[in-house]
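Structural features, examined
So the chains spell out like this:
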Amino acid sequence: MTDAMERRVTEGWSRFADKVVRAGRHDSLPERGQFINAPVARGSTVIFPSLAAMHAQGHRTYDHEVIYGAMGNPNQHLLERLIAEIEGGSDCQAVCSGLTACALPLLAFTEAGSHVLMSDAIYGPTRRFAKTMLRRFGVETSFYPPMASKETLQSLMRPETRIIVAESPGSHSFEVQDVPMIADVAAAGQAKLIVDNTWGLGIFQPFAHGAHISVQALTKYAGGHSDIILGAVTVNAREDWVKLRDAAIQLGLCANPDESWLTLRGLRTLTVRLEKQALTAYRMARWLQSCAPVARVLHPALEDCPGHDNWLRDFSGAGCLFGVALRPEITDAAMRAMIDRLKIFSIGASWGGYESLVMPTSGGIVRDHTHHHQPGPAFRLQIGLEDPETLKEDLATAMAVLQ
Ligand SMILES: *Cc1c(COP(=O)(O)O)cnc(C)c1O
């Protein structure tokens, strides 16, 4: 039996099932027939029948055409078309990792002297990129509390602010941001809004909510099998596409054909995997709320999650990654020992795959603002396709010694 919130958590996934099944396939079907799936096409050199033909093709750099291997390949382009459809954008650039997808628009839309305003709950390596490489090239980044009010956000804008970066829900702390409000502030300051939409792929429409650029770690839900690293940047305006595409070409960024092919294959089953994983994750979150050592569960579908109302308003479903904060009197060492006792949950980075994972999130994370920190030790769970009862039992057994 499912209650109303369980439906709310899962319903959005099946809504784009037709897209992930139909889009990104061959354009035409010849009389002689062909395999449903496009073959893997590896290549560097593209040859042409004449110099004129080569010259003409060389002018199609914004058209997802095959020109030279470093500028894209047929599998990459099919993947780009499918991601653009899911995100609701006009064009997508696939790149070699999610982190590269985070870095690329920061490079493409700033120059020396620019300022970037970034959510304090941003994915750690994106923060590191801003604080090291971007800074070296004269771009300054400051951080805003993810749940900042419109007034606070406006007060942090500078004349040279070119980009606001949002990530919703936030890494480790799961605040669901008010993206339409942030988009208003960005628009008023003539800045671009980048959203890292990895958790919300398909269940949050970034462009309908005012974003200019959406970033995806395809490594997560899209790959889905913990065996690829890939990323994507999607835009919805010609001028943004030209800037993004120029930067990708100048940096030689592309997505290799084998991984693009595997990611397309992963995407075909994304909606059914995530519908199941989202339901198990929500039920686990509810169950964890009743466990004695747990102080708070950070899952966007739970009422006390920061930004729960934003989630209700803007998302059509929930993902399979959430946070658990333990009571403050439990030590970090006790939590770590508990994690080591888990048998079904594997210890490891990343998420979005078919298997359940656990990672501590307290201790090592960096924030400029501290107001949203949990006082006790915390960890995050990625919920896979295992039997929910097995997962519960594993956690219950490991947590028993914490009481
Ligand atoms: C994993 C992740 C990334 C980076 O993706 P990789 O493919 O591992 O480089 C970026 N943003 C978010 C929110 C992520 O979870």
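Per an unreviewed UniProt entry, the protein chain is named Cystathionine beta-lyase, and its organism is Candidatus Kirkpatrickella diaphorinae. Note on the protein chain: under the UniProt heading Catalytic activity (unreviewed entry), the record states "L,L-cystathionine + H2O = L-homocysteine + pyruvate + NH4(+)". Check the Cofactor (unreviewed entry) section of the UniProt entry for the protein chain; it says "pyridoxal 5'-phosphate".

Attention now moves to the environment of Cys-92. Within the secondary structure, Cys-92 sits in strand 1 (residues 91-95). For the pair Cys-92 and Ala-53, spaced 39 residues apart in sequence, the C-alpha separation works out to 25 Å. Look past the residues within four positions of Cys-92 in its chain and what remains in contact with it is His-64, Glu-80, Ile-83, Ala-84, Ala-232, Val-233, Thr-234 and Trp-241.

Another aspect to go through is the site of the ligand. Every one of the 13 residues lining the ligand counts as a neighbour, but Gly-98, Leu-99, Asp-196, Thr-219 and Lys-220 are closest to it. Here an oxygen atom of the ligand sits 2.8 Å away from a polar atom, N or O, in the main chain of Gly-98. The separation between an oxygen atom of the ligand and a polar side-chain atom of Trp-351 is 3.0 Å. Against a free-state accessible area of 380 Å², the protein chains account for coverage of 88% of the ligand. When atom positions are compared with the pocket grids, the ligand is found to occupy the largest pocket. Of all the elements, helix 5 (residues 98-108) adds the most residues to the shell around the ligand, at three residues. Broken down by class, the residue content of the shell around the ligand amounts to six nonpolar, four polar and three charged.

Working note: a packed helix pair is described by the angle between its axes plus the distance between those axes. As a packed pair, helix 11 (residues 270-289) and helix 14 (residues 388-400) sit with axes 10 Å apart at the nearest point and diverge in direction by 30°. The two elements helix 11 and helix 14 meet at a crossing, and its hand is right-handed. In this structure, helix 11 uses Lys-276, Thr-280, Met-284, Trp-287 and Leu-288 to contact helix 14, whose residues at the interface are Pro-388, Leu-391, Lys-392, Leu-395, Ala-396 and Met-399. When the residues that make up the contact of helix 11 with helix 14 are grouped by side-chain class, the tally is eight nonpolar, one polar and two charged.

Here the focus is the nonpolar core. Among the nonpolar cores identified, the biggest contains 85 residues, and Leu-193, Trp-199, Leu-288, Phe-322 and Leu-381 are the most heavily contacted of them. Sorting elements by how many residues they give to this core places helix 11 first, with eight residues. Residue-level mapping places this core at the junction of two domains, with at least three residues from each of domain 1 (2-6 + 269-402) and domain 2 (16-268). Contact partners of Leu-193, with chain neighbours within four places excluded, come to Ile-164, Ala-166, Val-179, Ile-182, Ala-183, Ala-186, Gly-210, Ala-211, His-212 and Ile-213. Ala-103, Phe-109, Val-165 and Ala-248 belong to the second-largest nonpolar core, a separate cluster that totals 28 residues.

Reading guide: rules and limits
Residues numbered from 1 in each chain as written. Predicted model: local features only at pLDDT ≥ 70, side-chain atom pairs only at ≥ 80, totals over all residues. Heavy atoms only, no water. UniProt positions renumbered as here; feature names shortened; annotations may be inferred. Helix = DSSP H or I, 4+ residues; strand = E, 2+ residues; numbered from the N terminus. Contact = heavy atoms within 4.5 Å. Near = heavy atom within 4 Å. Polar contact = N/O pair within 3.5 Å; in protein donor to acceptor, adjacent residues only side chain to side chain. Areas by Shrake-Rupley, 256 points an atom, 1.4 Å probe, with all protein chains shown as cover. 1 Å grid on protein atoms, 1.4 Å probe; cavity = no way out; pocket = protein on both sides within 12 Å on 5 of 7 lines; lining within 4 Å. Sits in = over half its atoms within 2 Å of the grid points. Nonpolar A, V, L, I, M, F, W, Y, C, P; charged D, E, K, R; others polar. Axes fitted to C-alpha atoms, helices over the stretch in contact; angles between N-to-C directions. Left-handed = near helix turned anticlockwise from the far one by under 90°. Core = buried A, V, L, I, M, F, W, Y, C linked by side-chain atoms within 4.5 Å. Buried < 20%, exposed > 50% of the residue type's maximum accessible area, 1.4 Å probe, protein only. Domains from an automatic or database assignment.

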